[in-house]
Amino acid sequence: MTTSVAIVTGASSGIGRATALRLIRDFSAIVLVARSGEKLREAGQEIEAGGATPLALDLDLAAPDAADEVVKATLNRFGRIDALVNIAGSVPGIDLLEMTDQQWDSGLALKFHGARRLTIRAWDALKASQGAVVFTSGNAAVLPRAGAAAVGTINAAIEALAKAFAERGIDDGVQVNCVSPGAIMTGRRLAMLEKAAAARQVDVETAKAGFLRQAGIKRFGTAEEIADLIAFAVSPPARWMTGTVLRMDGGKIRTV
């Protein structure tokens with residue numbers, strides 16, 4: 001019998017995949033949502049090998065009807081939702097004066113509206129289980145830069161959205177928090193560093209070292225370390241905490 005179910009979006013790679021794998025310690029079923037079929041199937045196999053029941057859903061959460069499909073498939077298979085972790089969504093790092101309306105809309109459609117719709121659709125099930133929701137943002141929410149304006153803007157909107165859901169959750173018994181991962185070495189960050197290195201005509205290791213000096217940290221974090229933080233945020237010991245942004249800043253966790 002399935003006793004606890006977690007939905008993780010963006011679950012085919014990076015922080016999403018690491019989180020899905022981490023949550024098999026605490027949940028008996030993991031619903032993996034992403035738009036990359038083969039990687040998603042591989043993640044599902046890892047979940048099953050780890051002792052939990054996977055449900056892999058190859059969906060683009062930018063599509064308006066995708067959230068309904070996720071919740072319907074989850075409830076049809078398992079009958080409940082205990083946790084929702086919204087990780088899906090990369091925002092293009094394009095200059096403020098160059099980014100098109102279409103690029104703005106695309107960034108918002110997945111990371112912001114995809115998470116918003118899925119949380120709304122899952123809300124009744126989360127109320128029934130007295131469950132938990134985690135959104136993910138980024139430190140650009142408080143340090144926006146013209147060269148990547150949408151990253152900061154959309155992450156700031158995510159944090160405001162999480163706090164709004166948290167207020168409703170106090171009455172409905174649903175815990176809502178937000179995690180801002182900070183400088184985590186993922187494939188996407190490596191690609192950004194490679195791009196920066198090429199622009200400055202230096203090697204990638206030099207670019208990494210420069211970033212770490214600027215950030216005031218000794219090393220990059222790992223996806224697995226953020227997965228541990230997210231796992232805590234949806235665990236019983238964290239039930240006293242809601243409406244909080246857990247921000248990785250200078251190697252320390254700061255709450256906002």
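Residues numbered from 1 in each chain as written. Predicted model: local features only at pLDDT ≥ 70, side-chain atom pairs only at ≥ 80, totals over all residues. Heavy atoms only, no water.

Trainee: Help me understand the pattern of salt bridges, please; the structure alone is not making it clear to me.
Mentor: Pairing is possible between side chains that carry opposite charge, provided their charged atoms lie close to one another. For the structure shown, the criterion picks out 8 salt bridges. In this structure, the salt-bridge partner of Glu46 is Arg17, at a minimum N-O distance of 2.3 Å. Placement of Glu46 in helix H2 (residues 37–49) and of Arg17 in helix H1 (residues 14–22) is noted, with a sequence separation of 29 residues between them. What makes Glu46 partly exposed here is its relative accessible area of 34%. For the salt bridge of Arg22 with Asp228, the shortest nitrogen-to-oxygen distance reads 3.0 Å. One end of the pair, Arg22, is in helix H1; the other, Asp228, is in helix H8 (residues 223–233), and 206 residues separate them in sequence. (Salt bridge = Lys/Arg side-chain N within 4 Å of Asp/Glu carboxyl O. Helix = DSSP H or I, 4+ residues; strand = E, 2+ residues; numbered from the N terminus. Buried < 20%, exposed > 50% of the residue type's maximum accessible area, 1.4 Å probe, protein only.)

Trainee: Looking at this model, I keep getting lost on empty space enclosed by the protein. Mind explaining?
Mentor: Think of a ball as big as a water molecule: rolled over the atoms, this probe shows where empty space is left. Counting across every chain of the model gives 1 cavity of 30 Å³ or more. Empty space within the largest cavity amounts to approximately 40 Å³. If you go around the largest cavity, the residues you meet are Asn86, Ile87, Ala88, Lys111, Ala115, Phe135, Thr136 and Ile158. If you list the elements that add at least two residues to the lining of the largest cavity, you get helix H4 (101–129) and strand S5 (132–136). (1 Å grid on protein atoms, 1.4 Å probe; cavity = no way out; pocket = protein on both sides within 12 Å on 5 of 7 lines; lining within 4 Å. Points joined across faces, edges and corners; volume = space filled by probe spheres on them.)

Trainee: What exactly am I supposed to notice about the side chain of Asp172 here?
Mentor: Assignment of secondary structure puts Asp172 in helix H5 (residues 149–172). Among buried Asp, Glu, Lys and Arg side chains, Asp172 stands out as unpaired, with Lys127 the closest opposite charge at 4.2 Å. Within the structure, Asp172 has its side chain in polar contact with the side chain of Trp123 (distance 2.8 Å). Not counting residues up to four positions away in its chain, the partners in contact with Asp172 are Trp123, Lys127 and Gln130. (Lys, Arg positive; Asp, Glu negative; His and termini not counted. Polar contact = N/O pair within 3.5 Å; in protein donor to acceptor, adjacent residues only side chain to side chain. Contact = heavy atoms within 4.5 Å.)

Trainee: What is the right way to read H1 from this model?
Mentor: Quick reminder: α-helices carry 3.6 residues per turn. Residues three or four places apart thus point the same way. Most of H1 sits out of view: 7 of its 9 residues are buried. Taken residue by residue, H1 has Ile15, Gly16, Arg17, Ala18, Thr19, Ala20 and Arg22 as its buried positions. Of the surrounding elements, those touching the buried residues of H1 are strand S1 (5–9), strand S2 (29–34), H2, strand S4 (83–86) and H8.

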